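Next come the chains, spelled out residue by residue.
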Amino acid sequence: MAINTEKLSMILQHFVTATTDVQGAALVTPDGLPLSASLPGGMDEERVSAMSASMLSLGERIGVELARGNVDRIFVEGNKGFGILTGCGEDAVLLVLASETAKQGLLMLEIKRVLAELKLVLS
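All of these numbers come straight from a predicted model, not from anything done at the bench.

Visitor: Lay out the pairing of strand β3 (residues 73-78) with the relevant residues and their values.
Guide: For β3 and strand β4 (residues 81-87), the ladder comprises six bridges, and the chain directions are antiparallel. The partner of E77 across the bridge, within β4, is F82. Here β3 hands over to β4 after two residues, the two strands then running antiparallel side by side.

Visitor: Break down the sheet that holds β4 for me, with residues and values.
Guide: Taken in spatial order, the five strands line up as β2-β1-β5-β4-β3 in an open sheet, and their pairing is antiparallel. Of all the strands in the sheet, the pair left with one neighbour each is β2 (34-38) and β3. Each adjacent strand pair in this sheet contributes to an overall mean axis angle of 10°, direction not counted. Alignment of strand β1 (residues 22-28) against strand β5 (residues 93-98), held across six bridges, turns out to be antiparallel. What sits directly across from V28, in β5, is V93.

Visitor: Just give me the short version of the nonpolar core, but keep the residues and values in it.
Guide: Among the nonpolar cores identified, the biggest contains 24 residues, and F15, L27, L94, L107, I111 and L118 are the most heavily contacted of them. Those elements giving two or more residues to this core turn out to be α1 (5-18), β1, β4, β5 and α3 (104-122). Among the elements that take part in this core, α3 stands out by supplying seven residues, more than any other. Grouped together as the second largest cluster of nonpolar side chains are nine residues, A26, V28, V48 and L95 included.

Visitor: I'd like to hear about the pattern of salt bridges, residue by residue, with values.
Guide: Applying the stated rule across the entire model yields two salt bridges. The partner of R113 in a salt bridge is E110, and the shortest N-O contact between them spans 3.1 Å. With R113 and E110 both in helix α3, this residue pair falls three residues apart, about one helical turn. On the basis of relative accessibility, which here comes to 28%, the residue E110 falls in the partly exposed class. R113 is the salt-bridge partner of E117, the closest N and O atoms lying 3.0 Å from each other.

Visitor: Got a sec to walk through unusual backbone geometry? Specific residues and values, please.
Guide: If you check the backbone angles, D21 has positive phi at about 75° while not being a glycine. With respect to the secondary-structure elements, D21 resides in the loop between α1 and β1. One non-glycine residue, A67, lies in the positive phi region at around 55°. The residue A67 is located in the loop between α2 (45-65) and β3 in this model.

Visitor: Describe the pairing of β5, naming the residues involved and giving the relevant values.
Guide: With six of six residues buried, β5 lies mostly within the body of the structure. Both faces of β5 are covered, namely the face carrying V93, L95 and L97 and the face carrying L94, V96 and A98. Hairpin connection from β4 to β5: five residues lie between these consecutive antiparallel strands, with G89 at a positive phi of about 80°.

Thresholds, definitions, all that
- Residues numbered from 1 in each chain as written.
- Predicted model: local features only at pLDDT ≥ 70, side-chain atom pairs only at ≥ 80, totals over all residues.
- Heavy atoms only, no water.
- Pairing = 2+ DSSP bridges.
- Helix = DSSP H or I, 4+ residues; strand = E, 2+ residues; numbered from the N terminus.
- Axes fitted to C-alpha atoms, helices over the stretch in contact; angles between N-to-C directions.
- Core = buried A, V, L, I, M, F, W, Y, C linked by side-chain atoms within 4.5 Å.
- Buried < 20%, exposed > 50% of the residue type's maximum accessible area, 1.4 Å probe, protein only.
- Salt bridge = Lys/Arg side-chain N within 4 Å of Asp/Glu carboxyl O.

Geometric descriptors of this kind do not, in isolation, establish any biological role.
The structure is reproduced here in structure tokens:
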């Protein structure tokens, strides 16, 4: 079954434009290939996709080695904002970029909402 990349793009674009403090988002395969992205200007979609998949893979291995169980998300916090990686079913990884002013609880709720929407399209 083919993936509806147009629908995925619409969902991501709406998520980025309608969610306060979200600056970008990308949906990538576990192999690091981009499925859809709405990233800030100047970011290389393929490079971001490859790094996202690598980080999730490494995070999962760390979770196993440290006996922490399955990893739900990987949270990167810098002085200019957040990068959150979350699994989106078996076939995709969602990366969300948010500003440093983002309210983490609200952001996590919005990510949970968009994940449900994306999973419907991917299934």
